[in-house]
Amino acid sequence: MVARHNRNPFTRNANTVKLARSRRRGRRTVEDAQNQGVRHSTYLTRLLRSSGDRRWADGSRGSGSGARDPALGIGARVPGLGIRGLDWKLELDTDVSSHFDVAIVGAGPAGSWAAYRLAEAGARVALLDASHPREKPCGGGVTGRAFQLVASAVEALDLPVVSVRTASFAAAGRAAGVSFSSEERAAVTLGVVGRQVFDGALLAAAARIGAVHRAMRVTAIERTASMWTVSAVSERVTCDWLIGADGATSLVRRRVASPFPRSELSVATGYFVRDVSSNEIAIDFDGVPTGYVWSFPRADHLAVGACGQADTVSAPSLLAHTRAWIGRHVKDGGNLQRYSWPIPSLTESALRAECPAGDRWMLLGDAAGLVDPITREGIYFALLSAEHAAASLRGHSPDVEYVQRLRDTIYDELIRAAQLKARFFRPELLALLVRALNRSAHVREIMADLVAGRQTYAGLRRRLLGTLEWGLMFELLRL
Ligand SMILES: Cc1cc2nc3c(=O)[nH]c(=O)nc-3n(C[C@H](O)[C@H](O)[C@H](O)COP(=O)(O)OP(=O)(O)OC[C@H]3O[C@@H](n4cnc5c(N)ncnc54)[C@H](O)[C@@H]3O)c2cc1C
């Protein structure tokens, strides 16, 4: 039986503050070693410090060999530890930085942003991900609200972001265009950026502010009464709190809950089309049940792909459809690089049943199913969940608070999207939508706001009612 130990990493007693200081000393030592090109795990640590009251965060007294010192690596056998009131020099063959307040598996937007916020608040954070630098399979559409969340660390305009000027929507053989005003474009209402660049910038910001990035592909997770042990093939860390930000196929999720069934996933697959760009996004609903084809322009290529619910479409059929779409719409679109990855696209009942936190663990972003099941926007929700995780970890019951915050700000919105989804992808409604877009400036405004993440599903019906597009409203009200 695992003891409940849900204290947050920020509200500990004075002894813990001493520990935090000594940890910081330890980290500086390791950083020095890193600067000299020495690996953490092989570094022979030399600590020179003054021993005062040797009581640890768990209240135990450190005396004699085997003292539990989180600053030195939990469970390290340390001869001579606990000699009170003496200045002592310690040389040990262990990793000073192997215990953390929080270990985060996965350095995508969710993991890196949580690491940034936690390190900024003074927590000792490990960010575990061996994949960087890498391009994640993604459209790379980042909404203005997502850029705003990270503006204190990453300036959108400093990145090679394509600021989208127009969006075209096609259904039933017709197309309609929506444009973003130049005022909106100045603030990047909707940008497209490669994930190597965007995720790399977030990871760099987290490392700059003090999070410790380890290039670990986590293969095993164990827990004891008071801590987690997170292991890769040749390395491991321990931590008080474990955060799973390891995406749609999350190992942490599989360890603390259960993986997403196929019915709760979308297949998303397509091609990066090299040496072609644009400043228009294209969305085409024709021929893809419960999904669409997209073309998102990056600085030096297009990300073109198609998504659909995994239990209704297959990856090969989507890929063939995408290829045919490129053939029809992209001039000189010959240099293709394939990508494919699942997207959580939860149904209403699954969203209601989700529990993204428990005893000293939290799931963020895709690992918690936080993707709009219609648009498949996930980056904003990943970042927002990171904000909530970091804020909740400062409270008295972090897991309870985190679940509540997600319910209030994300799950309720995703539930509305899931309710709308069944109707939204009906060919009749999509045809009406394109017709209404061509006819009504109001509908175009609403669509622009929806795509840019400024229009919530909560207020969508009321706003559409105001457009007097009765056909569209009739279809929507049949929900
Ligand atoms: C084809 C496609 C197109 C998409 N287009 C868009 C879009 O245009 N806009 C948008 O907002 N959303 C889009 N999404 C969704 C978006 O990509 C995700 O919602 C978002 O990346 C979630 O961020 P995350 O940090 O939760 O997870 P991820 O970005 O998936 O990051 C998870 C990280 O965890 C690491 N990891 C996994 N397992 C381990 C392990 N065992 N040990 C260590 N590290 C591990 C991975 O290497 C990765 O770096 C798209 C998704 C797909 C598949």
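Structure first, text after, so check above.
Calculation criteria
- For every chain, the first residue of the written sequence is number 1, and numbering continues from 1 along that sequence.
- In view of the model being predicted, local features appear only for residues whose pLDDT reaches at least 70, and side-chain atom pairs are presented and counted only at 80 or more, with totals across whole chains, interfaces and linings using the full set of residues.
- Put simply, DSSP marks the helices as runs of H or I at least four residues long and the strands as runs of E at least two long, and each gets a number from the N terminus on.
- Buried, partly exposed and exposed are defined by the number of other C-beta atoms within 10 Å of a residue's own C-beta, namely 20 or more, between the two limits, and 12 or fewer respectively, with C-beta atoms placed from the backbone.
- What counts as a contact here is a pair of residues whose C-beta atoms, placed from the backbone, lie within 7 Å.
- A molecule or strand has a residue near it when that residue's C-beta atom, placed from backbone coordinates, lies within 6 Å of it.
- Throughout, the ten residues Ala, Val, Leu, Ile, Met, Phe, Trp, Tyr, Cys and Pro are labelled nonpolar, Asp, Glu, Lys and Arg are labelled charged, and all others, Gly among them, are labelled polar.
- Here, strands pair whenever DSSP counts at least two bridges between them.
- Buried Ala, Val, Leu, Ile, Met, Phe, Trp, Tyr and Cys residues whose C-beta atoms connect them within 7 Å together make up a nonpolar core.

**Looking at the overall build of the chain**
Of regular secondary structure, the chain possesses 14 helices and 20 strands. Looking at the 479 residues of the chain, the share that counts as buried comes to 48%. Within the chain, contacts between residues separated by at least 24 positions form 71% of all contacts whose residues are at least 6 apart in sequence.

**A word on the site of the ligand**
Neighbouring the ligand are 38 residues, the closest being Gly106, Gly108, Gly139, Gly365 and Gly378. Residue classes in the shell around the ligand are distributed as 20 nonpolar, 11 polar and 7 charged.

**Looking at the pairing of strand S12 (residues 228-231)**
Across the two faces of S12 the burial differs, with Trp228 and Val230 buried and Thr229 and Ser231 not buried at all. Note that S12 and strand S13 (residues 236-244) share 4 bridges and pair antiparallel. Of the residues in S13, the one forming a bridge with valine 230 is valine 237. Between the end of S12 and the start of S13, which pair antiparallel, lie 4 residues.

**Thoughts on the nonpolar core**
Counting residues in each nonpolar core, the largest one holds 134 residues, and the members touching the most others are Ala103, Ile104, Ala114, Val125 and Leu364. Residues in contact with leucine 364, not counting those within four places in the same chain, are Ala110, Gly111, Ala114, Ile243, Gly244, Ala245, Ala382, Ser385, Ala386 and Ala389.

**Some details on unusual backbone geometry**
Of the consecutive residues histidine 132 and proline 133, the connecting peptide bond is found in the cis state with omega at -5°. Phi at alanine 172 is positive, roughly 50°, even though this residue is not glycine. Here the phi dihedral of threonine 290 falls at roughly 55°; this positive angle occurs in a residue that is not glycine. What makes threonine 290 buried here is the crowd of 20 C-beta atoms within 10 Å.

**Here we look at the sheet that holds strand S6 (residues 162-163)**
Pairing is antiparallel in the open sheet, where 3 strands are placed in the order S5-S9-S6. Two strands bound the open sheet, and with one partner strand each, they are strand S5 (141-143) and S6. Pairing analysis gives 2 bridges linking S6 to strand S9 (residues 190-192), with the strands arranged antiparallel. Within S9, the position partnered with serine 163 by the bridge is glycine 191.

Shape is all these values report; function is a separate question.
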